[in-house]
Amino acid sequence: MSIKPFTVTVPADIPHKMQQVYTNNYLALTKNTGNLLLFTCDHKVEHLNADFYGVDIHPDAMHPGHIFEIAAHGAAGALATHGGLIARYGLQYPSVNYVVKLNGKTNLGTTMDNPHSAQLYSVDDVIKLQQSSGLAIRGVGITLYLGSTYETEMLEKAAHAINQAHQHGLVVIVWIYLKGVAIADNLVAELIAGIAGVGVSLGADFIKIKPPIHAQGLRIATIAAGNSKIICAGGNMRPLHDACQTLYEQIHVGGTAGAALGRTIFQCSRQEAIARSFAFAAIIHDQVDVETALEIYAKKIAA
Amino acid sequence: MSIKPFTVTVPADIPHKMQQVYTNNYLALTKNTGNLLLFTCDHKVEHLNADFYGVDIHPDAMHPGHIFEIAAHGAAGALATHGGLIARYGLQYPSVNYVVKLNGKTNLGTTMDNPHSAQLYSVDDVIKLQQSSGLAIRGVGITLYLGSTYETEMLEKAAHAINQAHQHGLVVIVWIYLKGVAIADNLVAELIAGIAGVGVSLGADFIKIKPPIHAQGLRIATIAAGNSKIICAGGNMRPLHDACQTLYEQIHVGGTAGAALGRTIFQCSRQEAIARSFAFAAIIHDQVDVETALEIYAKKIAA
Amino acid sequence: MSIKPFTVTVPADIPHKMQQVYTNNYLALTKNTGNLLLFTCDHKVEHLNADFYGVDIHPDAMHPGHIFEIAAHGAAGALATHGGLIARYGLQYPSVNYVVKLNGKTNLGTTMDNPHSAQLYSVDDVIKLQQSSGLAIRGVGITLYLGSTYETEMLEKAAHAINQAHQHGLVVIVWIYLKGVAIADNLVAELIAGIAGVGVSLGADFIKIKPPIHAQGLRIATIAAGNSKIICAGGNMRPLHDACQTLYEQIHVGGTAGAALGRTIFQCSRQEAIARSFAFAAIIHDQVDVETALEIYAKKIAA
Amino acid sequence: MSIKPFTVTVPADIPHKMQQVYTNNYLALTKNTGNLLLFTCDHKVEHLNADFYGVDIHPDAMHPGHIFEIAAHGAAGALATHGGLIARYGLQYPSVNYVVKLNGKTNLGTTMDNPHSAQLYSVDDVIKLQQSSGLAIRGVGITLYLGSTYETEMLEKAAHAINQAHQHGLVVIVWIYLKGVAIADNLVAELIAGIAGVGVSLGADFIKIKPPIHAQGLRIATIAAGNSKIICAGGNMRPLHDACQTLYEQIHVGGTAGAALGRTIFQCSRQEAIARSFAFAAIIHDQVDVETALEIYAKKIAA
Amino acid sequence: MSIKPFTVTVPADIPHKMQQVYTNNYLALTKNTGNLLLFTCDHKVEHLNADFYGVDIHPDAMHPGHIFEIAAHGAAGALATHGGLIARYGLQYPSVNYVVKLNGKTNLGTTMDNPHSAQLYSVDDVIKLQQSSGLAIRGVGITLYLGSTYETEMLEKAAHAINQAHQHGLVVIVWIYLKGVAIADNLVAELIAGIAGVGVSLGADFIKIKPPIHAQGLRIATIAAGNSKIICAGGNMRPLHDACQTLYEQIHVGGTAGAALGRTIFQCSRQEAIARSFAFAAIIHDQVDVETALEIYAKKIAA
């Protein structure tokens, strides 16, 4: 298929003097395509060590530096993780685009059924990190749980963070999940479309959602998101072919603009993870089909 | 009927240097009539996607841009919606007058019976959006639920927002609803008159209320509101004739100064919605009768 | 009786440059007598519309402007009401002395048995209103409920407001009520003396209390208040003679320095309300007896 | 006994430019002895009027000015009471050293078993009062209840207040009490030693505690307090001889550095209270024995 | 064994102008080795007096000055305790490196099963103390309880403190404990590895943990911590040989970078405590074996 050249539309809440910064950040994150492969690695807080060590997880994943190696040598648009981790490893990986995840919570139980994510960093903290480090911090990520009894506080913090991030020309990705005492089923298509509407009402650039089982269930959501773009969470580690097939359908059937992938990449060896990232990137950035993506992977893994 | 020329009365909390700004905003919002047709579209947060997709809702409504199209080509005094949505679409619709809805909540259940609206934007955020965008942001809207256990917090935030908005010459519309554990019946005329009194005590310019079944039940409320003005919420989508008849009675029997209409307009096709807005505007701004309003509608729909 | 000429004692927390402002405000509020007739009208928030419309309430009371008419043409030292209402009507009544009521709550039930008053305005907000309006804002009022589970928060806010108000030379009236889960009987003389002691410990200029049934029960309280002055709340509408007799006894038996009257004045017609205010003022400011006060009333009502 | 000349040790958190101010304040409060007789009178908030009027309480105590009279003419190092009361009476008593009690709560029940003291004043408020009044405000007092469910908040506020007070060269006395749902017995010697350790860890200059029944039980606590000094609360009104005996033992057996006395002084007549203060001061400042103290009292009462 | 010369890696969130300060602090704390023996003494708040007086505790420990004596004459990298205690004793011990413990709680019961540590000092307070005292304050310590219902608040405060401390070039040690209603067993190796991952994600320089019973259980944790370093808490007083053996295994089997020892040192006499600190320091800084460490101890105790 032919790919349209991409032009960034700058939202109205970006100050004039930050428009070029925002445009540059947007283009860098999306590799000039408008579509996003976000390599999301906030699991050390969210799931403690469960995603980094165990059966079926490659030993490379034990080391925090692993995700930076993949980010530096793979094809994702950016590495999204907490600011402290970027502070500890970023200077060794200056070529990477970074998205600072602003909030997080553990899985230790007290807030699992009714989550309340801790706001670890303000946008001002991010800007200070950007300035002291010189790193290519292109955006921020924030999780918002709708349906929790803490929804009010989290909505306030998310709206404020989006607003502040745009003041500094940063691109914003909002993880919006249906989770909490009010939620019986978080894969209902109407509700997914609903959170897309919340995302665009908050002014998010990208909205990361947990996808429904069938890509068709994304159509209404991607329309409801309007000119905010939907990217789907990857979930557990999956075979490459399956992951590529799902991703292709999310984009071409569901209308999404990319994916936020973590475990499916970082639970592999360094070499495998990097090769996989090229396959996913080809589907997202270059709109290739699954077969072509797998060929790209095969070449990388053989290299 | 003959219409009196309208002069804006500037409240005492508008700073001197902002008096002209306030006057301009007031006149723009009310089309120089003092009466207000507010096109309210905060439903993407309040009701998720339920008002935008489904049986009896025109497919045009699925797209977030729909409400901006209606606002740009219709006859409402302003489009009221959340700041993020204005940030994403506003620059495409620079002719529209905007009212930024400052707070909101979803309908996911945790706060439905005892609501607590999240403060998404401060007035300072609104001013920054106004400055960065150059858009005609004329006022702010804020919802206040009386009877909820969160009444104290929401009263504090509403009073503060009104105060701050007036510091910047913005017109303030307060949505005051009776909702929460203390409320058995939210359509009692005495209570509606009571919230009108709260509205004027807080210094609101316009008070949006859920109207009683009969317009006569508004008389005491519109008197109790004093020189703050009452506008009625539209509620669910209704046949045009009914909606016009109700609106006419609210104004001429109840003493209201307009209406805040959403679903009755935006759940229609673009063309129908625009034509309807002209009918409502004629009743509100030009004080025409229902028959005349329907003729105006008919001409617009035929155009 | 002979009346001593009155000299204002400036408290130690008034900054030097604000001493003259405070003295002027104190003299204006007390008509140079040191005694205070405060026309308190915060009922639109506290009781919604119940005090303004109904059997035995004059129809004049329906209109928010009514209280301003009484304040402008009657004899009270000041009109105490919420800042928003002053913002909406004050410029039409520039001769009135105003006391801005800083907090309030409704009677909708959630906090009735255990009240928590919402802080609607900061002292800074009041100063901004004073500056933008040029109105004679002479003081602030704040309600403090002792015995509520929110006592801690309200004590903090009251102390802070008193402190801030004195920084700006404003006179402070604190409404101290015994109300909440810890209070079985709010008319016990020991407890009333206790709240007087709290009032002077907080540095209040005037302490508004709900009086005990017999004026004798005020003696200990007015002593305990020291050089803070006690004024009694008026409560429900009462016959003029009764109200005057009670007021006289509160002052001459109980040792109070005036009264805070609302319904007994504003539920009457404009003419009656104004005449009543002159009767009360004569007892408070001029130390006349009840008979003389009633004669003053009779002359005013006949005028 | 011979008394060592006293030199103030300035803590490390006093800024250089405030070291002389701190030294002066410390010497003034302790009458150049390093030991402290604090005349504590925060009871109007803590106990309402119960300590000021009733059987066995002298009528002089009804008047708020009574404590100032005693402070001005007696021998205590300072009068400790709330800032508002100092604001109302202080200018009449410019010779008194003042300690501003920063927090307080009533005894109305809601927080009696699990106390939460309201922070009425910040240190900045105290400094403003000092500057506007010119009064000799030498220090601040703050109550900390350990064992309450509000312990976390109160520890934070106490630590912050100590820190801020030292920034301004003010001496800090912390009232540390064992009170709350976690406390079965507040006179256990190990726990009293424990709160002494908390006091020195927070950097308090003086720690006011409720003493155990026997002075011997104070030994470990006064050692645990290190170079912070322990002073004992006086509790209820007591016969002078008993009070002197207890005080003497607290100092010479328990190792304390003085006492914080209120009711045992102020519930007496003005003359008796002043004479008593000289007796207590002699034991504390001059290290006299009980017999000598009583002689001093006798002379004063006869004067 | 041969020891590699140590070079400090400065994290990316240290501002340029603070890089040298951070490097100096890091080298001073670790005695130029990169490994840390932290003499932790926050027990006066955490355990009240229980660790300072009793059977098997040397009487020297009763005096707060004891820990400063040990710090000044022993071999630990720094003394970690609360800011108030440093303020009271620090100037007498100017040669000591200090780590200010920012938060704390007592063991009085209300938060024991579900802890919430009070934030006693901000980083700004620490900087002020550093400036007013001239003391060698090299870092800050903060406790974070994961698994408590207060986890959200404590995560926010810990992240903020780390960020702020790095802004000023201070080294950060985070005490991370598994404690709260969600925690059944706090010595599970997977969870310990999990908190190591949280520590590095927050950007901690050192992470203090409660170690598992066998040092082998630390391997995954020390890998998961990446370039943040793990140090183990010492727990109760133990025989020197046992304590040295455990420490040696933690470093050489578990991969840790030192220890945070308190009671095992300070519950001894001054001489014994100092000698012990040299033994531990030899294992940590000089990588000696247990036998050598005991010889060092023996020489010191004999000196």
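Counting starts from 1 at the beginning of each chain's written sequence and moves along it residue by residue. Written order decides the labels, with chains lettered from A and ligands numbered from 1. Confidence filtering applies because this is a predicted model: local features only for residues at pLDDT of at least 70, side-chain atom pairs given and counted only at 80 or more, and all residues used for totals across whole chains, interfaces and linings. Working from all heavy atoms in the structure, the side-chain values ignore hydrogens and water.

Remarks on the side chain of Asn 163 of chain D
Next up, step 1: Going along the chain from the N terminus, every DSSP run of H or I of four or more residues is numbered as a helix, and every run of E of two or more is numbered as a strand. If you trace the backbone, Asn 163 of chain D turns up in helix α6 (residues 151-167).
Next up, step 2: Owing to a relative accessible area of 7%, Asn 163 of chain D belongs among the buried residues under this scheme. Each residue's exposure class comes from its accessible area (1.4 Å probe, protein chains only) as a fraction of the maximum for that residue type: buried when under 20%, exposed when over 50%, partly exposed otherwise.

Considering the relation of the copies chain C and chain D
Next up, step 1: C-alpha atoms of residues with pLDDT of at least 70 in both copies form the basis for the least-squares superposition of the copies. Note on the copies: chain C fits chain D at an RMSD of 0.0 Å, the axial shift is 0.1 Å, and the rotation between them is 72 degrees. Expressed as an axis order, the relation between the two copies is that of a five-fold axis. Scanning chain C for the C-alpha nearest the rotation axis identifies Glu 153 of chain C, at a separation of 11 Å.

Describing the interface of chain C and chain D
For interface size, the figure often reported is the accessible area lost on association.
Next up, step 1: The contact rule is simple, with two residues in contact once any of their heavy atoms fall within 4.5 Å. The interface is formed by 44 residues belonging to chain C together with 38 residues belonging to chain D.
Next up, step 2: Once two parts are brought into contact, the accessible area they lose, counted with a 1.4 Å probe and summed over both, makes up the buried area. A per-residue breakdown of the area chain C buries against chain D is headed by Ala 12, Ser 201 and Asn 227 of chain C, which together make up 19% of the total.
Next up, step 3: By convention in these notes, a salt bridge is any Lys or Arg side-chain nitrogen within 4 Å of a carboxyl oxygen on Asp or Glu. Connecting chain C to chain D are two salt bridges.
Next up, step 4: As a salt-bridge pair, Glu 156 of chain C and Lys 157 of chain D come within 3.2 Å of each other at their nearest N and O atoms.
Next up, step 5: Whenever a nitrogen or oxygen atom comes within 3.5 Å of another N or O atom, the pair is scored as a polar contact, on the condition that within protein one atom can donate a hydrogen and the other can accept it, and that pairs from neighbouring residues in sequence are kept only if both atoms are in side chains. The interface formed by chain C and chain D contains 15 residue pairs in polar contact (both at pLDDT 80 or more).
Next up, step 6: Listing elements by their share of the side of chain C that touches chain D, those giving two or more residues are α6 (151-167), α7 (189-201) and α8 (219-224) of chain C.
Next up, step 7: The leading source of residues in the side of chain C that touches chain D is α6 of chain C, at ten residues.
Next up, step 8: Partitioning the side of chain C that touches chain D into residue classes produces 22 nonpolar, 17 polar and five charged. For this classification, Asp, Glu, Lys and Arg are treated as charged, while Ala, Val, Leu, Ile, Met, Phe, Trp, Tyr, Cys and Pro are nonpolar and the rest, including Gly, are polar.

Describing the sheet that holds strand β10 (residues 258-261) of chain B
Residue and element names in this part refer to chain B.
Next up, step 1: Pairing is parallel around the closed barrel formed by eight strands, whose spatial order is β1-β2-β3-β6-β7-β8-β9-β10. Pairwise comparison of adjacent strand axes, ignoring direction, gives a mean angle of 30 degrees for this sheet.
Next up, step 2: Pairing geometry for strand β6 (residues 136-146) and strand β7 (residues 171-178), over eight bridges, is parallel. Considered in β7, the bridge of Val 140 is made with Val 172.
Next up, step 3: Docked against the sheet, helix α1 (residues 19-29) engages β1 (36-40), β2 (78-82), β3 (97-101), β6, β7, β8 (206-209) and β9 (229-233), running at close to 80 degrees with respect to β6.
Next up, step 4: In this analysis, axes come from line fits to C-alpha atoms, helices being fitted only over the stretch in contact, and the angle between any two N-to-C directions falls in the range 0 to 180 degrees. Those strands touched by helix α6 (residues 151-167) are β6 and β7, and its axis lies near 160 degrees from that of β6. A pair of strands is considered paired only if DSSP assigns at least 2 bridges between the two.

As for the interface of chain B and chain A
Next up, step 1: Contacts between the two partners involve 38 residues from chain B and, on the opposite side, 44 residues from chain A.
Next up, step 2: Interface area, chain B with chain A, both sides summed: about 3100 Å², of which 60% is carbon and sulfur.
Next up, step 3: Put simply, chain B and chain A have two salt bridges between them.
Next up, step 4: We note a salt bridge from Asp 205 of chain A to Arg 88 of chain B, for which the minimum N-O separation is 3.1 Å.
Next up, step 5: Where chain B meets chain A, there are 15 residue pairs in polar contact (both at pLDDT 80 or more).
Next up, step 6: No other element matches helix α4 (residues 83-89) of chain B, which puts seven residues into the side of chain B that touches chain A.
Next up, step 7: Taken together, the residues that form the side of chain B that touches chain A break down as 16 nonpolar, 16 polar and six charged.

A word on the packing of aromatic side chains
All names here are of chain D.
Next up, step 1: Classification of ring pairs uses Phe, Tyr and Trp, with its six-membered ring standing for Trp, and accepts pairs whose centres are within 6.5 Å; under 30 degrees between planes counts as stacked, over 60 as edge-to-face, and the remaining range as tilted. Summed over all chains, the structure comprises 40 aromatic pairs over all chains.
Next up, step 2: Consider the rings of Phe 52 and Phe 266, whose centres lie 4.9 Å apart with planes at 5 degrees: the pair is stacked. Residue Phe 52 is found in the loop between α2 (43-46) and α3 (65-73), and its partner Phe 266 is found in helix α10 (residues 263-266); the two are separated by 214 residues along the sequence.
Next up, step 3: The class of Phe 52 is buried, set by a relative accessible area of 3%.

Details of the pairing of strand β9 (residues 229-233) of chain A
Residue and element names in this part refer to chain A.
Next up, step 1: Of all five residues that make up β9, five are buried, and the element is covered over most of its length.
Next up, step 2: Of the strand pairs in this sheet, strand β8 (residues 206-209) and β9 are connected by four bridges, and their pairing is parallel. Across the sheet, Ile 207 pairs through a bridge with Ile 230, a residue of β9.
Next up, step 3: Handedness of the β-α-β unit built from β8, helix α8 (residues 219-224) and β9 comes out right-handed.
Next up, step 4: By the bridge criterion, two bridges tie β9 to strand β10 (residues 258-261) in an arrangement that is parallel. Bridging from a neighbouring strand, Ala 233 pairs with Ala 260 of β10.
Next up, step 5: Crossover connection from β9 via helix α9 (residues 240-252) to parallel β10: handedness right-handed. For crossovers, right-handed means that the path from the first strand over the helix to the second runs clockwise, given strands pointing away from the viewer.

Structural notes on the arrangement of the chains
Next up, step 1: Here chain A and chain C are not in contact; the least distance found between their C-alpha atoms is 19 Å.
Next up, step 2: For chain A and chain D, which are not in contact, the least C-alpha distance works out to 19 Å.

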